[in-house]
Structures are given as structure tokens and as C-alpha cells.
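Summary of structural features
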Amino acid sequence: MTERARTTPGRRTLLGAAVLGTAALGLPGAAHATGHGGGHGRGGGHGSLRELPVPTVIGHRGASGYRPEHTLGSYQLALDMGAHIVEQDLVPTKDGHLVCRHENDITATTDVADHPGFADRRTTKTIDGVSYTGWFTEDFTLAELKTLRAKERIPGNRPDNTLYDGRWTVPTFDEVLRWADKEGRKRGRPVWLYVETKHPTYFRKLGLGLEEPLARLLRRHGRHRKNSPLILQSFEPSSVQRLARLVGTPRIVLLSGPKARPWDFVESGDPRTVADLVKPAGLKWIASYAQGIGPTLDLVIPKDASGRLTTPTTLVRDAHARGLLLHPYTLRNENGFLPADFRRGTDPNAYGDVFGACAAYFATGIDGIFADQPDTALLAAADFKGR
Ligand code: G3P
Ligand code: CA
């Protein structure tokens, strides 16, 4: 599971997987095997990107299906399971430190509500056009934030994970980089990270721009080069572009539902939606500053009204034709998160036929997948490669 594709004869390389996974199977994406448009080529000359096993399994917020997300415990488990990359989402503290949280509202993922000393920090804010009431990282210094403990986000769905509530603090990104460096030395190979800027326009308006401190940390840890073992990501294209001006590290643009407009587009008056960005012209534009896209799985295989998978779109073929990698999100084992045709029984929290669902997604020719349970996705990837 951790083999390096480039150095293992007979294993699929990133390009080889596209050939075997699409053209050989007669599935959408076949054009990719010969399509190296867009000027970058796949990986955009980023040698290390080409060394990632395909399909690449990305531990989503670590191994968040088993541990409270974005904790060192979650990241460690993902790595120990063999995830090829471990994901971090970043938000800032009041004093400008980057910490790992999916959102700046820490109400659901920490014990902040149990700290009477912070009761008066509870407030209501509008973030990217949506109102939230809770506690927010930008209102806490790092020292204050470090007095909190992380907890399971969805205890109703994942009650077993509450066993680990309170075990870990909110990690800084600097701590994660040091952890990755240490684990890399121990394992004799780099530990790949996949790092997302959250709400970058919102934070920049607060004077807490994310990209500059992120670039400083990447430089400090030698992860600022085009062949560094790290991929940067954002739902806001301007954040990806800003990062491209600061560091050479590989980058992807995240894409949500087709009707959505990236928040930086809303702020700047750019009328384009995700539906525009997945068209050939949009993908060509993305390929001018990024090496890939991170679409929702529904953009790869839409669901019908009953939640069942339908026919794959042309996104894999179109993105590959522009030299862009595809790392869709998010695979989860539980019925409630699976397409209706892969659910087993009626308990939304029981595991469904995630291997069947993952096989359908891999067959489209995607290059990797974000997964809450990386061990499951790795088995599905091995099944796919063994075909
Ligand atoms: O970054 C890929 C995926 O994690 C995007 O969704 O909301 O979980 O950050 P989200
Ligand atoms: Ca993310």
C-alpha cells in the first residue's frame, strides 16, 4: 500500500493508471491517456506528484472515521493505516498562528462550551454569507486555544469515536509539519500532507491572511518547492493563485456543487459558478495555475433523485485533457454517506457496500480519493489495481 509507483516495476504509475483505469476499461477518461493539453502535463512537471500511488488515498482530516478529526491521533492513525497523504484544514488564531480545524467555529469539535472563562466569547458571525453562533478561532490566542481539547464532531453517527474525546489538543500546522518530518525520518520516506486554506477571503479582510504565514511555514520545513511532498488546496481560486505566487508547492482547486460560486468570486463580482469551472474553458483556466482539481464525488458521478449513482460525467476526461489531476471528496463507510445503491440495511450509521461504491468511482479514472476511513479506501484501491 505504501509502494512508490515510480520505483516498482509493473506497478501503475500515475499516467499508467489513467491508461489502464480508463482506456483499457473503455470508460470515460480514455482520452486522458493521450491528452496532455494545458501546458502542464499531469503533475505539471512536479516530479514527486508523479510518484504518488494511483489511486491515491488521502486520509480526510486524518482517519476521521475512527478518531476526532484534525488531531495528531487522527493523523497518526491515517499514516499508520498506510494513507498516501494526510489532510489538514487550516484556520488562524487571533495572534496569527495556523491551526488545524475544518472551520473556525470550534463549537462542535472542541470542549470550548465547557470552559466558563470563555463563555463571553460566544458570538454570532456571518462567514461567507452564512450566519453562525458559537466560538471562533480568530477570537482566541494560540495559548488560549491550547487549553481546549478536541472531540468527535458527529457523536450521533460515530459514538465509538467519543472514547477519544479530550485526548488531544487542537494542533498547530507547525506541530503537524514537525510530526510529519519526524515520521518521515523514521520511515525513510516523506510523509505527504494535503493542506487546505479555509475561508481565505474572510480571514484576509480581518487582517489574518492565511497564505503568507502558510508559505513561511512551508519554507521553514522545506516544503515550498514544486517537488515537495505536499499539495495545497482551496475552494477559493484566488487563494490557490496567491499561493502559486509565494511557493512552488503543487496546488489543486476544490469544487463544490455546480450551482455554488466560490466566495472570492462573490466578493470580487466574478459571475462564474462551479458549473462554469468544470467546463473546458474553466478547466483550462485552472490549469494555468494549478495541477489538479478536488471535485465533489457527485461532479464525477451524479446521483438521481433517489440518491443512486447515474452515468459518469465527462469531468475526468475533460480535466485529464487539461493535464489536471482529480482527487474527489469524500468517501465514507457509513450508509448515510453512501449512494443509495450501495447502502446495506436501514441503519444510517452501519457500514454499507463502500467497496462497491469506491470501485464505481475508481472506474471513472479518478487519480485518488479523500476518505474518512483510509484503510477501506486502500483495500478498494488494491482491489482496483489487482483487476
Ligand atoms: O479538501 C477536500 C475536502 O476535505 C473538502 O471538503 O469540507 O471536508 O474540507 P471539506
Ligand atoms: Ca478539506
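Residues numbered from 1 in each chain as written. Chains lettered and ligands numbered in written order. Predicted model: local features only at pLDDT ≥ 70, side-chain atom pairs only at ≥ 80, totals over all residues. Heavy atoms only, no water.

Overview of the environment of Glu-175
Among the secondary structure elements, Glu-175 is positioned in helix 5 (residues 173-187). Here the alpha-carbon distance between Glu-175 and Val-99, two residues 76 residues apart in the chain, equals 9.1 Å. Not counting chain neighbours up to four residues away, the residues in contact with Glu-175 comprise Lys-146 and Val-170. Separated by 2.8 Å, the side chain of Glu-175 and the backbone nitrogen of Thr-172 make a polar contact. (Helix = DSSP H or I, 4+ residues; strand = E, 2+ residues; numbered from the N terminus. Contact = heavy atoms within 4.5 Å. Polar contact = N/O pair within 3.5 Å; in protein donor to acceptor, adjacent residues only side chain to side chain.)

A closer look at the coordination of the calcium ion (ligand 2)
Protein-derived coordination of the calcium ion (ligand 2) comes from Glu-87 (OE), Asp-89 (OD) and Glu-196 (OE), at a distance range of 2.1 to 2.4 Å. One can describe the site at the calcium ion (ligand 2) as irregular: its 6 donor atoms subtend angles covering 62 to 158° at the metal. For the calcium ion (ligand 2), the single-chain donor residues occur in sequence as E-x1-D-x106-E. Separated by 109 residues along the polypeptide, Glu-87 in strand 2 (residues 85-92) and Glu-196 in strand 6 (residues 192-197) bring together distant segments of the chain. Accessibility classification places Glu-87 together with Glu-196 in one group, the buried group. (Donors = N, O, S within 2.8 Å, 3.2 Å for Na, K, Ca; no water. Tetrahedral: all angles 85-135°; square planar, octahedral: opposite > 155°, others 65-115°. Buried < 20%, exposed > 50% of the residue type's maximum accessible area, 1.4 Å probe, protein only.)

As for the site of ligand 1
Inspection of the region around ligand 1 gives His-60, Arg-61, Glu-87, Asp-89, His-102, Glu-196, Lys-198, Gln-233, Phe-235, Leu-254, Tyr-329 and Phe-370 as its neighbouring residues. Between ligand 1 and the protein, one listed contact pairs an oxygen atom with a side-chain N or O atom of Arg-61 at 2.6 Å. Gln-233 is positioned such that a nitrogen or oxygen atom in its side chain is 2.6 Å from an oxygen atom of ligand 1. The protein chains hide 91% of the 280 Å² of surface that ligand 1 would expose on its own. Residues belonging to the shell around ligand 1 are distributed by class as follows: 4 nonpolar, 3 polar and 5 charged. (Near = heavy atom within 4 Å. Areas by Shrake-Rupley, 256 points an atom, 1.4 Å probe, with all protein chains shown as cover. Nonpolar A, V, L, I, M, F, W, Y, C, P; charged D, E, K, R; others polar.)

Things to note about the pairing of strand 1 (residues 56-59)
Burial of the side chains of strand 1 extends over both faces: Thr-56 and Ile-58 are buried on one face and Val-57 and Gly-59 on the other. In the sheet, strand 1 pairs with strand 11 (residues 368-371) via 4 bridges, with the strands oriented parallel. Residue pairing in the sheet places Gly-59 in a bridge with Ala-371 of strand 11. In this structure, strand 1 lies alongside strand 2, joined through 2 bridges in parallel fashion. By the bridge assignment for strand 2, Gly-59 is matched with Val-86. (Pairing = 2+ DSSP bridges.)

Looking at the packing of helix 14 (residues 354-362) against helix 15 (residues 374-386)
Following both chains from N to C, one finds helix 14 and helix 15 inclined at 55°, their axes separated by 9 Å at the closest point. The angle between the axes of helix 14 and helix 15 places the two elements in the oblique class. Our pair here, helix 14 against helix 15, has a crossing hand that is right-handed. Mapping the contact onto sequence places Val-354, Phe-355, Cys-358 and Phe-362 in helix 14 and Thr-376, Ala-377, Leu-379, Ala-380, Ala-381, Asp-383 and Phe-384 in helix 15. (Axes fitted to C-alpha atoms, helices over the stretch in contact; angles between N-to-C directions. Parallel < 35°, antiparallel > 145°, perpendicular 65-115°, else oblique. Left-handed = near helix turned anticlockwise from the far one by under 90°.)

Some words on the packing of helix 7 (residues 211-220) against helix 8 (residues 237-246)
Where helix 7 meets helix 8, the axes come as close as 10 Å, and the angle between the chain directions of the two elements is 40°. Judged by the inter-axis angle, helix 7 sits oblique to helix 8. The chirality of how helix 7 crosses helix 8 is right-handed. Residue-level contacts link Glu-211, Glu-212, Leu-214, Ala-215 and Arg-219 of helix 7 to Ser-239, Arg-242, Leu-243 and Leu-246 of helix 8. Considering only residue class, the contact of helix 7 with helix 8 consists of 4 nonpolar, 1 polar and 4 charged.

Observations regarding the packing of aromatic side chains
Across all of its chains, the model carries 9 aromatic pairs by this definition. Their ring planes at 40° and their centres at 6.2 Å tell us that Tyr-75 and Trp-179 sit as a pair that is tilted. Placement of Tyr-75 in helix 3 (residues 72-81) and of Trp-179 in helix 5 is noted, with a sequence separation of 104 residues between them. Note on Trp-179: relative accessible area 9%, which makes it buried. Measuring from ring centre to ring centre gives 5.0 Å for Trp-285 and Tyr-289, while their planes differ by 75°; the resulting arrangement is edge-to-face. Judged by relative accessible area, which is 23%, Trp-285 ranks as partly exposed. Through successive ring pairs, a cluster of aromatic residues spans Phe-265, Trp-285 and Tyr-289. In this arrangement the basic side chain of Arg-121 is found over the ring face of Phe-140, its NZ or CZ atom lying 5.1 Å from the centre. When the ring centre of Phe-337 is taken as origin, the NZ or CZ atom of Arg-332, which lies over that ring, is 5.0 Å away. (Phe/Tyr/Trp six-rings, centres within 6.5 Å; stacked < 30°, edge-to-face > 60°. Lys NZ or Arg CZ within 6 Å of the ring centre and 35° of its normal.)

Thoughts on unusual backbone geometry
In this model, Val-54 is joined to Pro-55 through a cis peptide bond whose omega is 0°. With respect to the helices, strands and loops of the structure, Pro-55 is situated in the loop between helix 2 (47-51) and strand 1. Of note, the bond from Tyr-329 into Thr-330 is cis; its omega dihedral lies within 30 degrees of zero at -10°. Examined against the element boundaries, Thr-330 turns out to sit in the loop between strand 10 (325-326) and helix 14. With a phi angle near 50°, Asp-128 is a residue other than glycine that sits in the positive phi range. Turning to its location among the elements, Asp-128 is positioned in the loop between strand 4 (123-127) and strand 5 (130-134).

Function cannot be read off these values alone, since they describe shape.
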